[in-house]
Amino acid sequence: MDSILFILCGVCLLTTSALPPPPPPHDVLHTTSTPSEQFSNHEILDDNGIFELFWKYNETHITFEAHVQTLGYVGLGLSAHGKMFPADVVVGWVKDGKTYFTDRHTIGHYEPIIDQSQDWFLIFGKEENDKTILKFVRKILLCDSEDISIEDGTTKIIYAWNSEDPIHETGLSYHGTNRGARNLLLLSPSQHRHLPPDAKHFDFLNKQFHLPARMTTYHCTSFKLPDIGGKNHMVMFEPILQKGNEGVVHHILVYHCPPSKQYDDKFINMEYECYEHAPRELNECRAIMLAWAVGGGPFYFPDDVGMPVGESTDSGVFVLETHYNNPTHLSDVVDSSGLRMYFTPTLRKYDGDIMQTGVAVDPLQMIPPGYASFLSTGYCGVDCTNKAFKDHPEGVKVFGIFPHSHLLGEAVRSRIIRNGVETVIADDENYDFDYQESRLLTEEVVIKPGDIIETECRYKSDDKSTVTLGGLSTNEEMCLVFLMYYPRVDIGQCSSLPIYDMYLKNRPSNENVGNMIKELGKMDWTNKTVQEQFSQATQQSRHFYTCIGKEGYSSYQRTEGPPPTISKKYVPKDVCSKKVLIG
């Protein structure tokens, strides 16, 4: 059963002349505001730079400072779906030297209602340089039914402003088009957004690829890294999206080909469909080097970690895979998007790497219609972690993650099972397909030999009428988490796939899997008993376990076995982290 890493593509050779100095990273924040203190996080929320937000947090509280180019009122809020309602909001303004500030909630397309309990607290407000500046604080966890708690993972922020002050507290003028919504990682550590002075860059870009007029295309191009003078550390990467094509570029991956392989010139400058015409010689290229998806931005490695490139024992061949999603079948799109990596000869303390975990990408991942919540789970088994981490009995340390699912995904969870006890690596309970961001962990997590890495996705399919299968298309599903870790070990991919032994009496084949899908299509998925039986069969199913090292098929391992036994499930600490707003 193939996974997303199983088939790859060709190679482009660049000259071995000296690489140019790096251009400024695309994520440089051109702030026009000076906050009242040093904040760990900062984002410009709108495209015109009008609404700037600074924030910091500790274990219990989060402090915001908003700088907005208006002398009227300012609104900021949390919304489960990024809509105006239901939402937990604050509204504030400064008039005649006095600051007005209220904690509110929304239940419709009208003025936010003032909360009975005021749980957002003003520190100060002022008008300065034609801006309204508000600094305020609140608890991270709130059990008030009119408020929303802030969780790890994605938070949907809504914001608005008006050029006029309200006449009174319940007389807000409509903000009109001065509004927006952003996904933010409020409780993720801030990346140190700086590059060493000796950094250089290398671009993995498509070369004016003419996109076919069909929904799904996986286009591959390969690259030969020039001589960069020996081992360097890659310390940052960022997307380079061609203007106007942002709506069709779904995700981009760069794979590192096996270090020990040598590639003939005939594999240089090859471009083709990744999963249709991949050269057999390049099928070994499965080790993820870079991963980006829609909504994501740059990623900076921690100051003591870098990913090795340019080693003398390395093949120096990389494969760029671009997934284009073209639901309207546009025929006039020409694209040169890709990824840019920055690297330095000043080596850092640790060699880092990325491993893919989760559910192998295959039609055996099945999500029936009619579910408000359906779980799909994949495992990296004991055999694989024992083999990969055998030289590191103390374990490897995960410092960042990149979760990936498709349109039905509502939550992505990454866990460790050690001696039957489940602990968390990172959970995103508010996963958003349009905001797939690599993020640092607040604390590094250790994975040891013999641990099981569990990846669980929660899907919502109650608006579907047919079974959704795992696959490459955006309308199919995936459940993956890319773990960024150190020190580097020999592992590229570790995943599993349920085989539904309760339904399939024989080993899975195209024929009997197809028959099973047909039978699932005949079931009454509005029947709760039918839903519960299939969910139970999915969770109790035996799995195919796959483990692939850096050398590709030569290090491929596949086993079959039951799902792991969990004697103690992980339970989030706070029981009131999810509250339903009034209305």
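Quick notes on the rules
In this numbering scheme, every chain counts its residues from 1 along its sequence in written order. Totals for whole chains, interfaces and linings use all residues, but because this is a predicted model, local features are given only for residues with pLDDT of at least 70 and pairs of side-chain atoms are given and counted only at 80 or more. The basis for the side-chain values is all heavy atoms of the structure; hydrogens and waters are excluded. Candidate patch residues must exceed 30% relative accessible area and have no salt bridge, after which like charges are joined if within 9 Å and Val, Leu, Ile, Met, Phe, Trp or Tyr side chains if within 5 Å. Surface accessibility in these figures is a Shrake-Rupley result with a 1.4 Å probe; residues are shielded only by whichever protein chains are displayed. Note on definitions: salt bridges are taken to be side-chain nitrogens of Lys or Arg within 4 Å of carboxyl oxygens of Asp or Glu. The helix and strand labels rest on DSSP assignments: H or I over at least four residues marks a helix, E over at least two residues marks a strand, and numbering proceeds from the N terminus. Using a 1.4 Å probe on the protein chains alone, a residue whose accessible area is under 20% of its type maximum counts as buried, one over 50% counts as exposed, and one in between counts as partly exposed. Criterion used throughout: strands pair if DSSP finds at least two bridges between them. The angle between two axes is taken between their N-to-C directions and runs from 0 to 180 degrees, where each axis is a line fitted to C-alpha atoms and a helix contributes only its stretch in contact. Cysteine sulfur pairs qualify as disulfides if the two atoms are within 2.5 Å. UniProt positions are given in the numbering used here, feature names are shortened, and annotations may be inferred rather than shown by experiment. Any two residues whose heavy atoms approach within 4.5 Å at even a single point are treated as in contact. Buried Ala, Val, Leu, Ile, Met, Phe, Trp, Tyr and Cys residues form a nonpolar core when they are joined through side-chain atoms within 4.5 Å. Note on aromatic contacts: the rings of Phe and Tyr and the six-membered ring of Trp form a pair at centre separations within 6.5 Å, being stacked when their planes are under 30 degrees apart, edge-to-face when over 60 apart, and tilted otherwise. Geometrically, a charge over a ring is one whose NZ (Lys) or CZ (Arg) sits within 6 Å of the ring centre while staying within 35 degrees of the ring normal.

Right, let's talk about a nonpolar patch on the surface for a bit. There is a patch of nonpolar side chains on the surface, built from Ile107, Tyr110 and Ile113 and spanning about 250 Å² of accessible area. Counting through the fold element by element, Ile107 comes out in the loop between β7 (98-106) and β8 (113-114). Residue class for Ile107 comes out partly exposed when judged on its relative accessible area of 31%.

As summarised here, the arrangement of the 5 strands in space is β2-β3-β4-β10-β9, forming an open sheet in which the pairing is antiparallel. Of all strands in the sheet, those bounded by a partner on one side alone are β2 (41-44) and β9 (120-128). Ignoring which end each strand starts from, the neighbouring axes of this sheet average 15 degrees apart. Both strand β3 (residues 51-57) and strand β4 (residues 61-68) contribute to a ladder of 7 bridges, which runs antiparallel. In the strand pairing of β4, Leu53 is matched with Ala66.

Put plainly, a disulfide is one covalent bond tying together the sulfur atoms of two cysteines. Applying the stated rule across the entire model yields 5 disulfides. Each sulfur in the disulfide pair Cys257 and Cys285 lies 2.1 Å from the other. One disulfide, between Cys257 and Cys285, carries an S-S torsion of 100 degrees and so falls in the right-handed class. Remark: Cys285 occurs in the loop between β18 (271-273) and β19 (287-293) and Cys257 occurs in the loop between β17 (249-256) and β18; sequence separation between them is 28 residues. Taking relative accessible area as the criterion, Cys257 reaches 1% and is therefore assigned buried. Cys457 shares a disulfide with Cys479; S-S distance 2.1 Å.

Using the criterion set out here, one finds 24 salt bridges in the structure. A salt bridge links Glu37 to Lys56; the shortest N-O distance between them is 2.5 Å. Taken together, the residues Glu37 in the loop between β1 (12-13) and β2 and Lys56 in strand β3 connect sequence positions 19 residues apart. Among the residues examined, Glu37 registers a relative accessible area of 29% and is labelled partly exposed. Asp203 is the salt-bridge partner of Arg340, the closest N and O atoms lying 2.6 Å from each other. Of the two residues, Arg340 sits in strand β24 (residues 338-344) while Asp203 sits in strand β13 (residues 200-205), which places them 137 residues apart along the sequence. Classification of Arg340 by relative accessible area gives buried; the value is 10%.

So, about the UniProt feature "domain: DOMON" (unreviewed entry) in the chain. Per the UniProt annotation, the sites labelled "domain: DOMON" (unreviewed entry) are residues 49-162. Helix and strand shares over residues 49-162 are 0% and 58% respectively, and the end C-alpha atoms of the span are 15 Å apart.

Here the focus is the side chain of Asp353. For Asp353, the location among the structural elements is in strand β26 (residues 353-359). What makes Asp353 buried here is its relative accessible area of 5%. Among all residues touching Asp353, those that are not within four sequence positions of it are Ile288, Met307, Leu483, Met484, Tyr485, Arg488, Val489 and Lys550.

What follows is about the nonpolar core. Counting 56 residues, the largest nonpolar core has Phe204, Met234, Met289, Leu290 and Met341 as the members making the most contacts within it. No other element matches β19, which puts 6 residues into this core. Listed in part, the 45 residues of the second largest apolar core include Ala360, Cys384, Leu483 and Ile491.

What follows covers the packing of aromatic side chains. Counted according to the given criterion, the structure contains 27 aromatic pairs. Ring centres of Phe237 and Phe299 lie 6.0 Å apart, and the angle between their planes is 40 degrees; this geometry places the pair in the tilted category. In this pair, Phe237 sits in strand β16 (residues 232-240) while Phe299 sits in strand β20 (residues 299-300), placing the two residues 62 residues apart along the sequence. Per residue, the accessibility class of Phe237 equals that of Phe299, and both read buried. In textbook terms, an aromatic cluster arises when at least three aromatic residues are bridged by ring pairs, as seen for Phe237, Phe299, Phe301, Tyr350, Phe399 and Tyr486. Sitting over the ring of Phe39, Lys56 keeps its end group 6.0 Å from the ring centre. Positioned above the aromatic ring of Phe544, the side-chain terminus of Arg558 is 3.9 Å from the ring centre.

Attention shifts here to the sheet that holds strand β5 (residues 74-79). Across a sheet, strands are paired by hydrogen bonds formed along the backbone, either parallel or antiparallel in direction. If you walk across this open sheet you meet the 6 strands as β8-β7-β6-β5-β11-β12, and the pairing is antiparallel. Each having just a single partner strand, β8 and β12 (179-184) make up the two edges of the open sheet.

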